[in-house]
Amino acid sequence: MANTEDLLKRLGVSIDAGTLRLALTHRSFAYEHGGIPTNERLEFLGDSVLGLAVTDALYRDNPELSEGDLAKRRSAVVSTRALAGIARDLELGQHVLLGQGEKLTNGRNKASILADTMEAVIGATYLSNGIEIARAMVMRLVGPLLGSAAAMGAGTDWKTNIQEIAAARRLGTIDYKVTGFGPDHARTFEALLTVGGKPYGSGSGPSKKEAEQEAAAASWKMLRVIAAEPKTAAQTVVVPVEVPNVAHDGIHPDGADTVPDPVIGFANPASAASA
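What counts and what doesn't
- Residues numbered from 1 in each chain as written.
- Predicted model: local features only at pLDDT ≥ 70, side-chain atom pairs only at ≥ 80, totals over all residues.
- Heavy atoms only, no water.
- Helix = DSSP H or I, 4+ residues; strand = E, 2+ residues; numbered from the N terminus.
- Contact = heavy atoms within 4.5 Å.
- Pairing = 2+ DSSP bridges.
- 1 Å grid on protein atoms, 1.4 Å probe; cavity = no way out; pocket = protein on both sides within 12 Å on 5 of 7 lines; lining within 4 Å.
- Points joined across faces, edges and corners; volume = space filled by probe spheres on them.
- Nonpolar A, V, L, I, M, F, W, Y, C, P; charged D, E, K, R; others polar.
- Buried < 20%, exposed > 50% of the residue type's maximum accessible area, 1.4 Å probe, protein only.
- Polar contact = N/O pair within 3.5 Å; in protein donor to acceptor, adjacent residues only side chain to side chain.
- Salt bridge = Lys/Arg side-chain N within 4 Å of Asp/Glu carboxyl O.
- Expected span 1.5 Å × (residues − 1).
- Bend = angle between axes of the 7 residues up to and from the residue.
- Core = buried A, V, L, I, M, F, W, Y, C linked by side-chain atoms within 4.5 Å.
- Axes fitted to C-alpha atoms, helices over the stretch in contact; angles between N-to-C directions.
- Parallel < 35°, antiparallel > 145°, perpendicular 65-115°, else oblique.

**Details of the overall build of the protein chain**
Tallying secondary structure elements over the protein chain gives twelve helices and three strands in all. Here the contacts in the protein chain between residues at least 6 apart in sequence split such that 57% fall between residues at least 24 apart.

Next up, the structure:
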């Protein structure tokens, strides 16, 4: 495990050494070391502290929002994806105690492990310092996401959001083109989202699922723009109408002594039919 002093500096708090070590102990490491305690109880505690801090901030700062909208924004901010992003910024992965199996499968960069450990660290901060310091730390880490929560969509399920938009606008079939790179123990995946054959956002991650979620998140704003645009008016269709062959002296071939004005066409087929 890397020196935790750097981690504590980035967190901006002090945590009891034993409590911090427990927060960083993944179950895979605990299993290989005789069943020592894991960080799962701290994760449970930290989840509640995180939820309270975020809910309180959203409630106070957005008096105009309904309960449903508040819940959606909270889901976006405390999602696995959001917490894993925060953990990566903190370089938390290098401090997590993992078993050999997780190490070989790039566990230090797995979103689920990073998000769970982030919650455990929040729980450890609460135990060592109390609710106010823990709340302040949460807001330093999560606060920047609160301002953009409205643009983050309904939460964690970016794929569902995109399916709803694409279906509503009849944009066509959704497809994720995923490619893997690197050795099996450090595999990286890249995904490109296409809708109706048209490419949109791309993403990468240590698993196909994460790469697809990243691609979906990157595509979401683009599809929202399309969804917000008014439907394009039907293009004017000019229907050619055969004009009778008029003689040069102005006499219609069928003997009529008057010739109607030439008809160039109609704006739509219905008009042509009724003329």
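**Thoughts on the pairing of strand S2 (residues 188–195)**
As judged from the eight bridges shared by strand S1 (residues 174–181) and S2, these two strands associate in the antiparallel manner. Residue pairing for S2: Tyr176 is matched across the bridge by Leu193. Bridge analysis of S2 against strand S3 (residues 198–205) gives six bridges, and the strand direction is antiparallel. Paired with Glu190 across the bridge in S3 is Ser204. In sequence, S2 turns back onto S3 through a hairpin of two residues, with Gly196 there showing a positive phi of about 60°.

**Structural notes on the layout of surface pockets**
Of the pockets and cavities examined, the largest pocket occupies roughly 340 Å³. Around the largest pocket, the lining is made up of 16 residues, and of these Thr80, Ala111, Lys209, Glu210 and Gln213 lie nearest the centre. Among the secondary structure elements, those contributing two or more residues to the lining of the largest pocket are helix H6 (80–89), helix H8 (111–129), S3 and helix H11 (208–228). Its residues placed into classes, the lining of the largest pocket shows four nonpolar, seven polar and five charged.

**Details of the side chain of Thr117**
Mapped onto the elements of the fold, Thr117 is located in helix H8. Overall, the relative accessible area of 0% leaves Thr117 in the buried class. In this structure the side chain of Thr117 is engaged in a polar contact, spanning 2.7 Å, whose partner is the backbone oxygen of Ile113. Apart from the residues lying within four places of it in its own chain, the contact partners of Thr117 are Ala23, Leu24, Asn39, Leu92 and Val96.

**Focus on the pattern of salt bridges**
In total, this model carries eight salt bridges according to the counting rule given. A salt bridge links Glu40 to Arg27; its shortest N-O distance comes to 3.3 Å. Linking Glu40 in helix H4 (residues 40–61) with Arg27 in helix H3 (residues 27–32), this pair joins segments that are 13 residues apart in sequence. The partner of Arg135 in a salt bridge is Glu132, with the nearest N and O atoms 3.7 Å apart. Taken together, the positions of Arg135 and Glu132, both in helix H9 (residues 131–147) and three residues apart, correspond to about one turn of that helix. Salt bridges sharing common partners tie together Asp56, Arg60, Glu132 and Arg135.

**Details of H9**
Every α-helical turn comprises 3.6 residues, leaving residues that sit three or four positions apart pointing alike. With 17 residues, H9 ought to run about 24 Å at 1.5 Å a step, and its terminal C-alpha atoms sit 23 Å apart, in line with that. Along H9, the helix axis deviates most sharply at Leu141, where the bend reaches about 50°; the proline Pro144 sits within four residues downstream. Residues of H9 that are buried: Ala134, Met137, Val138, Leu141, Val142 and Leu146. Contact partners of the buried residues in H9: helix H1 (4–11), H4, helix H5 (67–77), H6 and H8.

**Topic: the nonpolar core**
If you look at the biggest cluster of nonpolar residues, it comprises 38 residues, and the most contacted ones within it are Leu11, Ile15, Val54, Met118, Val121, Leu141 and Val142. If you list the elements that add at least two residues to this core, you get H1, helix H2 (17–23), H4, H5, H6, H8 and H9. Broken down by element, the residue count for this core peaks at eight residues, all from H8. Once residues lying within four places of it in the same chain are set aside, the contact partners of Ile15 are Leu8, Leu20, Val121, Ala124, Thr125 and Ser128.

**Concerning the sheet that holds S2**
The strands making up a sheet associate through hydrogen bonds between their backbones, and the pairing can be parallel or antiparallel. Spatially, three strands are ordered S1-S2-S3 in an open sheet, and the strand pairing comes out antiparallel. Two strands close off the open sheet at either side, each with one partner strand: S1 and S3. For this sheet, the mean angle separating the axes of adjacent strands, direction not counted, is 20°. The strands that helix H10 (residues 158–169) touches are S1 and S2; relative to S1, the one it contacts most, it runs at about 145°.

**Description of the packing of H4 against H8**
Contact pair H4 / H8: the axes reach a minimum separation of 6 Å and the direction vectors enclose 80°. The orientation of H4 with respect to H8, classified from their angle, is roughly perpendicular. On H8, the residues that touch Leu42, Glu43, Leu45, Gly46, Asp47, Val49 and Leu50 of H4 are Asp116, Glu119, Ala120, Ile122, Gly123, Ala124, Tyr126 and Leu127. Per-class residue counts for the contact of H4 with H8 are nine nonpolar, two polar and four charged.

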